[in-house]
Amino acid sequence: MSNLPSGSIIVLANGYGITASVTGATCCKRGKTPVANAMQLTIAGLRHVVLALVFTTLLASARAADPSGAGLPKGFAEQWPSLRGPGGYGVGKPANTMTQWDVQTGEGILWSAKVPLAGNNSPIVWRDHVFMSGADEMRQSVFCFDANTGKQLWIKDVATSVQRPKVNKDAGLAAPTMASDGTRVFAIFATGDLVAFDFDGNLVWKKNLGLPNNPYGMGSSLISDGQRLFIQYDHRETQKVIALECHSGKPVWQKAREHISWSSPALIRAAKGLQLILNDEKNVTAYDPVTGKQLWQIECLGGEVAPSPAFNGKDILVVANEYAQATAIKLTGESPRIMWHYDDYLPEIASPLAAGGLVFIPTSYGDVACLDETTGKELWVHHFDVDLLSSPIQVGDRIYQIDFEGTVHIFKAARSYIEVATIEMGQQVYATPAFANGCIYIRGEESLYCIRKRKPSENPFQQGSAMAKNTATKNAVPNKPAPWTPRPGDDQLATNMSWMPWDLHETLDGSLTVGQLRQFTALPSFKACLAIREDIQSRGWGFFSLEGNDFKKNKSDYYKQSNEFMSAVSKILTDEQMAGFEQAFGPGAAALNAAPMAKAVENRVAPNQNTDFPGTNWAQFMGPTRTGKSEEKGLLRKWPENGPPVLWTVNVGDGYAGPAIVGDKVYLLDREEAEQRDVFKCYDLKTGDELWQHAYDTSGKIIYPGSRTVPTIENGLAYICGGFGHLHCIDLNTQQVVWGKDLWSDFKGGELPAWGVAQNPLTYKDLVIVAVQTDIVGVVAFDKKTGDVRWTTQPLGDYSYVNPSLVTIEGEQHLTMVAAASNWRGESKSDYQGVVGIAPDSGEILWNYKNWDCGIPIPPIVDAGKNRLYVGAGYRSGCALFEVKKNKDGFATEEIFKTMDFGTHIHPPILHDGHFYAHCSDSRGRQDGLTCMSLDGEVKWQSKKSPIFNKGGFIIADDLIISVDGKFGILYLTEANPNQFTILSKVRLLDKSRCWAPLALSRGKLIIRDDKQMKCLLVK
């Protein structure tokens, strides 16, 4: 084995962080020291050693130019033995790989075969064999195809002794990609079953590692160095990395780890030899693959880490993840050093790629950002506008990136975006392609394709081919306007506008002419979109949220045809119309909005400036009435250039907790993660001085660690609930605990929810109410003064992150709670579903609206007045408005509407003057930004990506919306106007991070925060 020259670069991208490693190499016979080997050398043998060293140096130089499989055994670089190829970092062997093919006609398709069992893993290839796995509720299997013909050679079921877990549908039961050592293949399933077969399908060995337990299921793929098989097994109860003998499955070594992850390992050779690189929710760690010794560790990650390392075979490591940052680390020298940070476009699922002196970062929103490898400078961003779940692969000077809808985007590895080709596969693609034998292997939802130009002797429909019966029918027609002859009146403004994409309504309504509208409606793509929408409407819009095959086909066709229609628009609009359209929605709009905005030089309050204003307290979650609204008037309608004056800034711990303001005091439940304790703090509202604090120990691990909730302040008492379920009543005069409860322990909660407990205590008469949601209780009411349990409801399904809320029904107060009938795994947890109405004095369940569900609900119910209630969430759940009516038997519910056009991830919508306003963006592809919707379900406008707001907090006061962009830390002032979206002012005062905390406004003072600091601004 030769070693790459020192000074090697690795790129790691992850959900939330960064990594690095340094490598070198030794040359000695196994079991002997370099000295012992040297003593065996004869003088005659030295000549051969010198020749060998010369050859090794030349070989190393050659390999340096081709980073695929660097440092792995001979033959690995020619094959595709694991996810993202040799070493697992996305670089393929340069070859005459196809850039043009047609699935419908078969041109460029060597063969196609039906995938026998579903699975989100990617194909691996070793010489004449292609391997994949699949699983459903009945079976889990490994299957092998002939790489030359597509014939299925064998399929082997893997029996299990454990019950198959319910997993997130985005992961499935067979998410990890297999691995090969050149003689055997290895597969692992969501059951924890690990199996090895030889290339003929004979079982070599099998074992169960224990049932994986994490919020999404088993996601980490396997990798081998030819002798050992490596398994990253980072789950809730146990986190570990395991090395097994490939031939026997016997343990070689095992190392305990501390944090959960879904990332896959990589094998890279840097300054100190071959290293096994693993990401988790906190660290990037390097291990010696032979001994398991930890070589180095860097704390730089956070949150749900799915993206894996990328390595360019030289000397830079880059890690990145959504809502964190990308970081490049130099791996030469004694210890790694950070070169640069980047925090605009970041990956959530797909992994980054380092290639040709560049770094490519794919996002789940359909963007690819290209950075300079040495400086981190953003060179270009291309918007594909379809989710990117598959990771990019470099082959030669080209990058292959497949989007979720099955479109293959091929572009140059260059400092500007240069498209090579765009090719439709005709079905959805989750998997990352494999490149071997001069072929491209793509696993679609239904078919496996081998793409290579056929030789004259090769049959276009090889044995085992599924081309004819599995290829999606392609109905595309040239997207040109039909022959069009001007008519009298074509220059008049159009008043009866047919359906068209909302982007056009927003910018062109009022300027489109009758003639332009006729040209639009003549486009084949327009007609196709209209037909799809009519089909969806005939089934009910709820159908659009389902995951059936009809839904997927409709969604795929809809977005494809809609994109074609929008492309054709440029040929019909005037230059003036096109300029307005591109300014608002064109490719440059999102880039302009997302371009780094410098942090402002803060304005300070003038020495004699008045800062004392009348106003109301903000004493609880979402303000005086828990609606997100303030009655304060006289707010600034335009901010100075650098934003409102900053009264004070204080440092806070990591997290998302919002403050409460009562009188001249500010209260915050902070979290000191390193000390494993929650800290309740009291500050002076005018100065920011900390007046006192009360701390208590709370140890444990949750995803997105840090603070969570807002205190509730009432009659000299504070009610606080931390992320680990400790509910306390604290006397504000004595700073002593009056009473306390451990909600999760007291009510037999068992395993803590993945994202912790997120309850903002609700007070009602003499009660404090929280949703505990364990297997024995649902909502619980405590006595305010003593903490005694006054009532409990029966369990209301799986744990959700929703807070109970009070609403008015027929003049009575009802308590509402979202009931998650099934959890994120799909396991049924309760007979209740949707929204439950509860008598707040007794805990009696009064009614249940069932026609809505979400596996991970977060926003509380919103009272829309006149006995109408709003429920909605992220995760493709949409929203509904329903009415509660009193009858002789009690109460009944009646649905008013359901829609997928509006849905919030974290913060509930705010109702203002008959319209809902909300940040409608989430981690499942919704990118609607700030959205306004009427009470009859009509979306009035959406900010889309300009800006998208990214889960940030917001409030409404004085007909103004004050919002924080949750990713970029930018504070916006906009009008609460249903007729149009208008930005009045914006300024960046926070760091770019997860700025998801609720805001607070009292007496002209606005409090905002990121994950490091909290600021008080004068906005009056």
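Residues numbered from 1 in each chain as written. Predicted model: local features only at pLDDT ≥ 70, side-chain atom pairs only at ≥ 80, totals over all residues. Heavy atoms only, no water.

**Student:** I'd like a description of the overall build of the chain, backed by residues and values.
**Tutor:** Within the chain one finds 10 helices and 67 strands. Among the 1020 residues that make up the chain, the fraction classed as buried is 61%. When contacts within the chain are restricted to residue pairs at least 6 apart in sequence, long-range pairs at least 24 apart make up 59% of them. Element-wise, carbon and sulfur atoms account for 50% of the exposed surface of the chain, whose accessible area totals about 38400 Å². (Helix = DSSP H or I, 4+ residues; strand = E, 2+ residues; numbered from the N terminus. Buried < 20%, exposed > 50% of the residue type's maximum accessible area, 1.4 Å probe, protein only. Contact = heavy atoms within 4.5 Å. Areas by Shrake-Rupley, 256 points an atom, 1.4 Å probe, with all protein chains shown as cover.)

**Student:** Provide a residue-level description of the pairing of strand β39 (residues 677–684), including the pertinent values.
**Tutor:** Side-chain direction in a regular strand flips from residue to residue, so the side chains alternate between the two faces of the sheet. Where burial is concerned, most of β39 is hidden: 6 out of the 8 residues are buried. For strand β38 (residues 665–672) and β39, the ladder comprises 8 bridges, and the chain directions are antiparallel. Of the residues in β39, the one forming a bridge with Val 666 is Tyr 683. The loop that links β38 with its antiparallel partner β39 comprises 4 residues; one of these, Gln 676, has a positive phi angle of about 55°. Here 7 bridges tie β39 to strand β40 (residues 690–697), and the two strands are oriented antiparallel to one another. Bridged to Lys 681 within β40 is Gln 693. Where β39 hands over to β40, the hairpin turn is made up of 5 residues, of which Gly 688 adopts a positive phi near 80°. (Pairing = 2+ DSSP bridges.)

**Student:** Explain the pattern of salt bridges to me, using residue names and the numbers behind them.
**Tutor:** Under the defined criterion, the tally for this structure stands at 29 salt bridges. With a closest N to O distance of 3.0 Å, Arg 257 and Asp 234 form a salt bridge. Of this pair, Arg 257 sits in strand β15 (residues 251–257) while Asp 234 sits in strand β13 (residues 228–234); the two residues are 23 residues apart in sequence, bridging distant segments of the chain. With respect to class, Arg 257 is no different from Asp 234; both count as buried. Between Lys 330 and Asp 315 there is a salt bridge whose closest N-O contact spans 2.8 Å. In this pair, Lys 330 is assigned in strand β22 (residues 326–330) and Asp 315 in the loop between β20 (309–311) and β21 (316–319), connecting sequence segments 15 residues apart. What makes Asp 315 buried here is its relative accessible area of 10%. A cluster of three or more residues bridged by salt bridges with shared partners is formed by Asp 234, Arg 257 and Asp 280. (Salt bridge = Lys/Arg side-chain N within 4 Å of Asp/Glu carboxyl O.)

**Student:** Please provide a residue-by-residue account of the sheet that holds strand β65 (residues 1000–1002), values included.
**Tutor:** The strands making up a sheet associate through hydrogen bonds between their backbones, and the pairing can be parallel or antiparallel. The strand order across the open sheet built from 4 strands is β36-β67-β66-β65, with neighbouring strands paired in antiparallel fashion. The open sheet has two edge strands with one neighbour each: β36 (646–651) and β65. Across the sheet, the mean angle from the axis of one strand to that of its neighbour is 15°, orientation sign disregarded. Bridge count between strand β66 (residues 1005–1009) and strand β67 (residues 1013–1018): 5 bridges; the pairing is antiparallel. Counted as the bridge partner of Ile 1008 is Lys 1015 from β67. (Axes fitted to C-alpha atoms, helices over the stretch in contact; angles between N-to-C directions.)

**Student:** Could you give an account of the nonpolar core, with specific residues and numbers?
**Tutor:** Nonpolar side chains in soluble globular proteins tend to be buried together. If you look at the biggest cluster of nonpolar residues, it comprises 66 residues, and the most contacted ones within it are Val 779 and Val 871. Residues from two domains meet in this core; each of domain 1 (76–451) and domain 2 (629–1018) gives at least three. What Val 871 contacts, discounting residues up to four positions off in sequence, is Val 818, Val 835, Tyr 849, Trp 852, Ile 861, Gly 878, Cys 879, Ala 880 and Phe 882. Judged by nonpolar contacts, the second largest core, of 38 residues, contains Trp 648, Leu 685, Ile 955 and Leu 999. (Core = buried A, V, L, I, M, F, W, Y, C linked by side-chain atoms within 4.5 Å. Domains from an automatic or database assignment.)

All quantities given are derived from atomic positions and should not be read as evidence of function.
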